[in-house]
Amino acid sequence: MRGDEQRRLSQGRHPWIKRHLEQSIAYLKEQTQMLEAEITTLLEANSTLGRRASLLQSFKGIAQSSAACLLSDFPELGTLAAKGFKRKTTKPPKPTTSHLPM
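Residues numbered from 1 in each chain as written. Predicted model: local features only at pLDDT ≥ 70, side-chain atom pairs only at ≥ 80, totals over all residues. Heavy atoms only, no water.

A.B. asks: It is not clear to me how the environment of Gln 6 should be interpreted in this structure. Could you clarify?
C.D. replies: In this structure, Gln 6 sits in helix H1 (residues 2-11). Gln 6 gets classed as partly exposed once you look at its relative accessible area, which sits at 43%. Residues Gln 6 and Glu 22 lie 16 residues apart in sequence; the distance between their C-alpha atoms is 8.1 Å. (Helix = DSSP H or I, 4+ residues; strand = E, 2+ residues; numbered from the N terminus. Buried < 20%, exposed > 50% of the residue type's maximum accessible area, 1.4 Å probe, protein only.)

Next comes the structure, spelled out in structure tokens:
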């Protein structure tokens, strides 16, 4: 959203619109900083989540906020061994030939 507002700001001509967009951008930046601080606090307070987040962040392109999102959507990340993961996955159904002409 902030990127959209910044693009609008670069195109805005009226001073009132520019002022409104600048306020909107400042608000979004403040909210982002507050959320990032809350995520940091939660990860530091829970050692297990913190370790899992650190492991995810060791992959290129995964930052703290991405790791937190992944852990919230997939809490099992970092808890299953390779064997355990295979057991949890389902095999695709075997094709049947009953619908084929004889």
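What follows picks up the thread again.
A.B. asks: Sorry if this is basic, but what is going on with the nonpolar core here?
C.D. replies: Note on soluble globular proteins: their nonpolar side chains tend to be buried together. Counting 5 residues, the largest nonpolar core is built from Leu 43, Ala 53, Leu 56, Ala 67 and Leu 71. Listed by contribution, the elements that provide at least two residues to this core are helix H3 (47-57) and helix H4 (64-73). Apart from the residues lying within four places of it in its own chain, the contact partners of Ala 53 are Leu 43, Ala 67 and Leu 71. (Core = buried A, V, L, I, M, F, W, Y, C linked by side-chain atoms within 4.5 Å. Contact = heavy atoms within 4.5 Å.)

A.B. asks: Looking at this structure, how should I read the packing of H3 against H4?
C.D. replies: The relative placement of two packed helices comes down to the angle between their axes together with the axis-to-axis distance. Where H3 contacts H4, the two axes come as close as 9 Å, and the packing angle between them is 120°. As the angle between them shows, H3 and H4 are arranged oblique. You can see that H3 and H4 cross each other, and the crossing is right-handed. Across the interface between the two elements, Leu 49, Arg 52, Ala 53, Leu 56 and Gln 57 of H3 pack against Gln 64, Ala 67, Leu 70 and Leu 71 of H4. (Axes fitted to C-alpha atoms, helices over the stretch in contact; angles between N-to-C directions. Parallel < 35°, antiparallel > 145°, perpendicular 65-115°, else oblique. Left-handed = near helix turned anticlockwise from the far one by under 90°.)

Everything listed is a geometric property; what it means functionally is a separate question.
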